[in-house]
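Architecture and fold: a report
The residues making up each chain are set out below.
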Amino acid sequence: MMTTILRDLRFALRSLGKAPALTGVAVVSLGLGIGANTAVFTLFDQVLLRGLPVQDPGALVMVATRGSHIGSNRGSNMVSYPMYKDYRERNEVFEGVLCRRAEVVNVSFNETTERAEAEMASGNYFEVLGIRPAWGRLFTMDDETAPGANPVVVLSYDYWSTRFGADRSVVGQPIRVNGYPMTVVGVLAPGFHGLSLGMRPKLYVPVTMKKQVTPSWDDLDNRRSRWVQVFARLRPGITLEHAESAIGTLYKQIIAVEVEDSYFADVSEYGRERFLESHAVVLPGSQGYSGMRQTLEIPLRLLMILVGLVLLISCANVSNLMVAKATSRTKEIAMRLALGAGRRRILRQLLVESLVLAIAGGTLGLLVAAVAGHGLIALAPTEEARLSLSAVPDARVLAFTLVVSMVAALGFGLLPALQATRTDLVSTIKHQSGAAAGVGGTRLRKTLVVFQVFVALLLLLGSALFVQSLVNLHEVDPGFRATNLVRFKLDPMMSGYDVARTKRFFADLRDSVEALPGVESAGLAVVAIMEGNEWDSTVNVEGYESADGEDMNPHFNAISPGYFETLGLAIEAGRDFDARDADGTKKVVAVNRTFAEKYFEGGNALGYHIGFGGGISDVPDMEIVAIVQDAKYEDLRDEIPRQVFVAYAQNDWATEMTTYVRTSLPSETLFDAIRQEVRRLDATMPIFDMNTMEDQLDQSLSVERLVAFLSTAFGVLATMLAFVGLYGVTAFGVARRAPEIGLRMALGAQANTVVRMVLREVFSLVAIGVALALPAAWWLSELVRSQLFGVAPRDPWTIALATIALVAVAFLAGSVPAMRASRLSPVSVLRYD
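Quick summary incoming for the structure in this document. (Residues numbered from 1 in each chain as written. Predicted model: local features only at pLDDT ≥ 70, side-chain atom pairs only at ≥ 80, totals over all residues. Heavy atoms only, no water.)

It is worth spelling out the pairing of strand S11 (residues 229-234) at this point. Here S11 lies mainly inside the structure; 6 of its 6 residues are buried. Burial of the side chains of S11 extends over both faces: Gln229, Phe231 and Arg233 are buried on one face and Val230, Ala232 and Leu234 on the other. Taken together, the 4 bridges between strand S1 (residues 60-66) and S11 define a ladder with antiparallel strand orientation. Looking at S11, one finds that Met62 is bridged to Phe231. (Buried < 20%, exposed > 50% of the residue type's maximum accessible area, 1.4 Å probe, protein only. Helix = DSSP H or I, 4+ residues; strand = E, 2+ residues; numbered from the N terminus. Pairing = 2+ DSSP bridges.)

In C-alpha cells form, the structure reads like this:
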C-alpha cells in the first residue's frame, strides 16, 4: 500500500508540474481561502473556544444574580463580598468557592512607579483553580483574614520576567502598591493569566486589602455593594442544574434575612418585592468571564461564516481548474481504463493530486495566516485585547488547518475525479484528445461558476452593509466638538493622596493646564465619555410622580468648572459651575435637554431639585442651575441618555478623573507640555490614556471597523476568485466551441455577434447566481441586523450597488475570451478540425 501511495504521489507531482500555471492558480486560491480561515480561527479559538489553563476547567462554574438589586453594582455578574462568604461557607454542592476582581494599581519598585493590572483574589483562589507557583508560595486562607491585615502580593510569571528581570531574590522583597508597602511572597508558574480574557493581571493581591487597592471606595463588608465575581468548582457528580437549584435556595434564604436590615426601611414595598424576586444563577465557568468575549463574539462568529464562504469559493475555483485538467486528460484516462485500470484506482490517483494541491495550499495558508493574524490583532478593539491575543499558530490551529485542507481536497477534488472516471471509452478514444470535452464536465463547471457568483454576491452585500454602517457612525454628531481636544487621565488616590488633597491637586492641574500656550480651556470629569462606561443612580425629582417600575436611573457625571466650555456643549439655560459651588455649599446640578423634557413640563427645569435615591425619606436636595445641550455618553450607537452633572468640588469622595483640554494648536503638539506640567505638580504621578478625542471616537468604533474592513477584504477576495472562475469557464467554453465559432464566422457572422454570443453565456450564469443569491441575502440579512447602524439589512440601494459591481466584474471576466473568440481565423480553425 505504501509503495502504491508513493507511486501515486510521484505521478501527481509530475502531472501537476506539467501544468505550472494551473497548479499555481490552484495553490494560490487555496492558500488565500485556507489562510483566511486559519487567521480568523486563531482568534476565534482564543476568544470563544479555549478553556482556562487550570485543573479540570470543565468543573468550574460562575455564580451570579439576576433580577432587581438594592444598592450599588460595579460590573457584570457581581455579588457582594459577604454574599461570597455565605456561598463559600454554607453551600453543599461545591468543592471550593473563590472570588476575584480586576483593578489597575500603581506599583512602585526601585524608585520607579508604573500602572499595572492587578487581581484582588480570595485566599483560596489558587487552591480552587489548581495553580502552582514557580517560586515562593501562593495565597492561602491565612491571607484572607481581617481587612488590611495581609499586605502580600503574588507576581505573574511574565511581570516577574519583564519588570523584575526574572530575579528569584525578589520573593520576600517589599514593593509599594498605591503607595502602600506589601511583600512579594511568590511568582506564578507560566501560562496562567487570570480568569478574564482581555485582562492579564501582573500581580495578585488578597481581597482583604481592598481599601489599599481601591482607596476611593471601600465596600468590603457592605452587602448592598456588588463588586466581586464568584467562581466555584463543582463536586463530583453534581450537575449544573443541581448546583443552581441548591444555590438558588441558599440565595433566597440569604436575601430573606437581608431584607429585614434597617437599610430596607426606606425602600418602598414595590422595591422590596422586586428585590425578593431576584434569583441566583450558576453559569459555565470553564472559560472564565470576559467583557471582551462578549464584545467580539458576534463579530468573530460572523467572520468565521464569511471566511467559510471564501473557502467554498476557493474550492469551487480549484474544482473548476481540476475539471479543465481532467477534460484535457480524457483520452489518457480512457486508455488506462481500456487497458484494465480500475475506476477506483484512477479515482484514488486523481484524489492524490487534489491532496497534494491541498497540502501546498494549506502550507501557503499558514504563511498567509501568520501575516493576516497580526493584522487582525492590530484591529482589535482594545489595547488589552491586542496584548492578550496571539497570532502564532499552536497545535490546535495547525490541526484546524490540516482538517480544513483535507476537507478542501475532498471538496474540490471529488466531483472532477468522479466526472473524469465516467468517460465513454469508445467515443473518447475515437476522437482527438481535446474534442471530447463531455457535456457533464461543462455542466459541472458552469454549476461551480454559478455557485461562485452566488457566494460572492452574498459577501459583497455583507461588506457593503457593514461599510455603510461604519460610514453612518462616523457621520453621527456626538453633540460635542472632537477636533483640537486632548484628553488624559490621572488618579492621585492611587499615589497615596487623601480626598482633600486629591481635590486640590485637580484644581491646581486645571489652572496649570489652562495657562499653557495654545490652551483655550480645560475641564475634568469622573466618567470619561465614549469609552462604554456609565455611572447611573436612582433619583427622585421634585414634582414628578414616578410609576412603579419606572426607570429613574439617569446617567451621572461629576465635573469641574469649564467642562461644558471645553467640550463645546452649549449651556441653553442657567449657568456653569464656578467657585460658588465649593465643598459645604448648597448642592447644585446641571441636566441635559433630554432629562429636562422628560421630567418637567416644557423642559423648564431651572430652580427645581433632584436627589439621590428613590426611598420614601429621600429628599431632593440638589438644585438644577443649568440645562445643557444633549450629547452622546457611552458610544455613538446609543440614543441620547438622560444626564445629570454634579459639581465635583461638592463631593465628599475623590477618584480618577479625565482631563479634557481644548487647544488652538494641533492636538498632538500639546502632549509633551501636559506631561511636563503634571511632572511639575507631582513627579511620581503616572499619566495614562493620553490621546485626542478624535482618536477616542475612532477607537470606540474599532469593532465596527474590524467587521467592515474584513468583510470588505473577504468580499473583494471572493469577487476576485469569482472573476478567475468566470474567466476560466468562458475561456474553456470558447476553446471547446472554436470549430463552431469558426463555422459561424465563415458563414458571415460578424465579430460583434460572436462577442455578444459569448457574453450572453457569461451573463446567463451570472443571472442565475444573482437570482439565487438575492432571496438568500433577503433571508440572511436579519442575522446581521444587530451589527448595522443607519442602514436597513435589506436596503435596495446596497443590493443594487453590490449586484452592479459583480456584473461589472463578470463583464471584465468575459470580455477577454469574447474578444479572443471574435478574432479567430475561420480558415485555420476549420482546417485544424
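Alright, that's what it looks like, and here's the rest.
Those residues of helix H22 (residues 738-746) not exposed but buried are Ala738, Ile741, Gly742 and Met745. Buried residues in H22, looked at end-on, bunch into an arc of 100 degrees, giving them a common side. Following H22 by one or two positions, Gly748 has its phi on the positive side, about 110 degrees. (Arc of directions from axis to C-beta.)

Okay, the packing of aromatic side chains next. This structure, assessed with the given rule, holds 32 aromatic pairs. Aromatic pair Tyr125 and Tyr204: ring centres 5.9 Å apart, planes at 45 degrees, arrangement tilted. With a gap of 79 residues between them, Tyr125 in helix H4 (residues 125-129) and Tyr204 in strand S9 (residues 203-206) connect regions that are remote in the sequence. Considered together, Tyr125 and Tyr204 belong to a single accessibility category, that of buried residues. Between the aromatic rings of Trp535 and Phe556, the centroid separation amounts to 5.5 Å while the plane-to-plane angle is 35 degrees, which identifies the pairing as tilted. Here Trp535 is found in the loop between strand S14 (519-525) and strand S15 (539-541), whereas its partner Phe556 is found in strand S16 (residues 555-559), with 21 residues between them in sequence. Residue class for Phe556 comes out buried when judged on its relative accessible area of 0%. Pairwise contacts between aromatic rings join Tyr497, Phe505, Phe506, Trp535, Phe556, Phe612, Tyr648 and Trp653 into one cluster. (Phe/Tyr/Trp six-rings, centres within 6.5 Å; stacked < 30°, edge-to-face > 60°.)

Moving on, we come to empty space enclosed by the protein. Within the structure shown, the criterion is met by 8 cavities of 30 Å³ or more. Size it by volume and the largest cavity reaches roughly 140 Å³. Around the largest cavity, the lining is made up of 15 residues, and of these Val729, Thr730, Gly733, Val734 and Glu761 lie nearest the centre. For the lining of the largest cavity, the elements supplying multiple residues, two or more each, are helix H15 (439-474), helix H21 (702-736) and helix H23 (751-780). For the lining of the largest cavity, the element with the most residues is H21, which contributes 6 residues. (1 Å grid on protein atoms, 1.4 Å probe; cavity = no way out; pocket = protein on both sides within 12 Å on 5 of 7 lines; lining within 4 Å. Points joined across faces, edges and corners; volume = space filled by probe spheres on them.)

Turning to helix H20 (residues 693-700), its buried residues are Met693, Gln696 and Leu697. Each buried residue of H20 sits inside an arc of 100 degrees when the element is viewed along its axis, so together they form one side. Elements that come into contact with the buried residues of H20 comprise strand S13 (485-490), strand S22 (657-663) and strand S23 (688-692). (Contact = heavy atoms within 4.5 Å.)

Moving on, we come to the nonpolar core. Counting residues in each nonpolar core, the largest one holds 79 residues, and the members touching the most others are Val47, Leu357, Phe412, Leu459, Phe714 and Leu726. It is helix H9 (residues 291-328) that provides the largest number of residues to this core, a total of 15 residues. If sequence neighbours within four positions are ignored, Leu726 has contacts with Val449, Val453, Val762, Val766, Ala810 and Ala813. (Core = buried A, V, L, I, M, F, W, Y, C linked by side-chain atoms within 4.5 Å.)

Glancing now at the packing of helix H16 (residues 499-514) against helix H19 (residues 671-681). Relative orientation of the contacting elements H16 and H19 amounts to 140 degrees, with a least axis distance of 11 Å. With respect to H19, the axis of H16 lies oblique. Seen along the crossing, H16 lies across H19 with a hand that is right-handed. Contact residues: Phe505, Asp508, Leu509 and Ser512 in H16; Glu677, Val678, Arg680 and Leu681 in H19. (Axes fitted to C-alpha atoms, helices over the stretch in contact; angles between N-to-C directions. Parallel < 35°, antiparallel > 145°, perpendicular 65-115°, else oblique. Left-handed = near helix turned anticlockwise from the far one by under 90°.)

Quick look at the environment of Ser781 now. Along the chain, the position of Ser781 falls in the loop between H23 and helix H24 (796-822). For Ser781, a relative accessible area of 5% puts it in the buried group. In this structure, the C-alpha to C-alpha distance between Ser781 and Leu461, residues 320 residues apart in sequence, is 9.1 Å.

When you line up the elements, Thr655 lands in the loop between strand S21 (643-647) and S22. Judged by relative accessible area, which is 18%, Thr655 ranks as buried. Setting aside residues up to four positions removed in sequence, Thr655 forms contacts with Ser216, Asp491, Met493, Phe506, Val526 and Tyr648.

All right, on to the environment of Phe231 then. Looking at where Phe231 falls in the secondary structure, it is placed in strand S11. When the C-alpha positions of Phe231 and Val184 are compared, they lie 25 Å apart, and in sequence the two are 47 residues distant. Discounting chain neighbours no more than four positions away, the residues touching Phe231 are Val61, Met62, Gly96, Val97, Leu98, Arg100, Leu195, Gly285, Gly288 and Tyr289.

As a further point, take the pattern of salt bridges. Summed over the entire model, instances satisfying the criterion amount to 31 salt bridges. Across the salt bridge formed by Glu761 and Lys446, the nearest N and O atoms sit 2.8 Å from each other. Of this pair, Glu761 sits in helix H23 while Lys446 is found in helix H15, placing the two residues 315 residues apart along the sequence. Of the residues examined, Glu761 reaches a relative accessible area of 24% and is grouped as partly exposed. The exposure class of Lys446 is partly exposed, given its relative accessible area of 26%. Among the charged side chains, a network of salt bridges with common partners joins Asp45, Arg50, Asp394 and Arg396. (Salt bridge = Lys/Arg side-chain N within 4 Å of Asp/Glu carboxyl O.)

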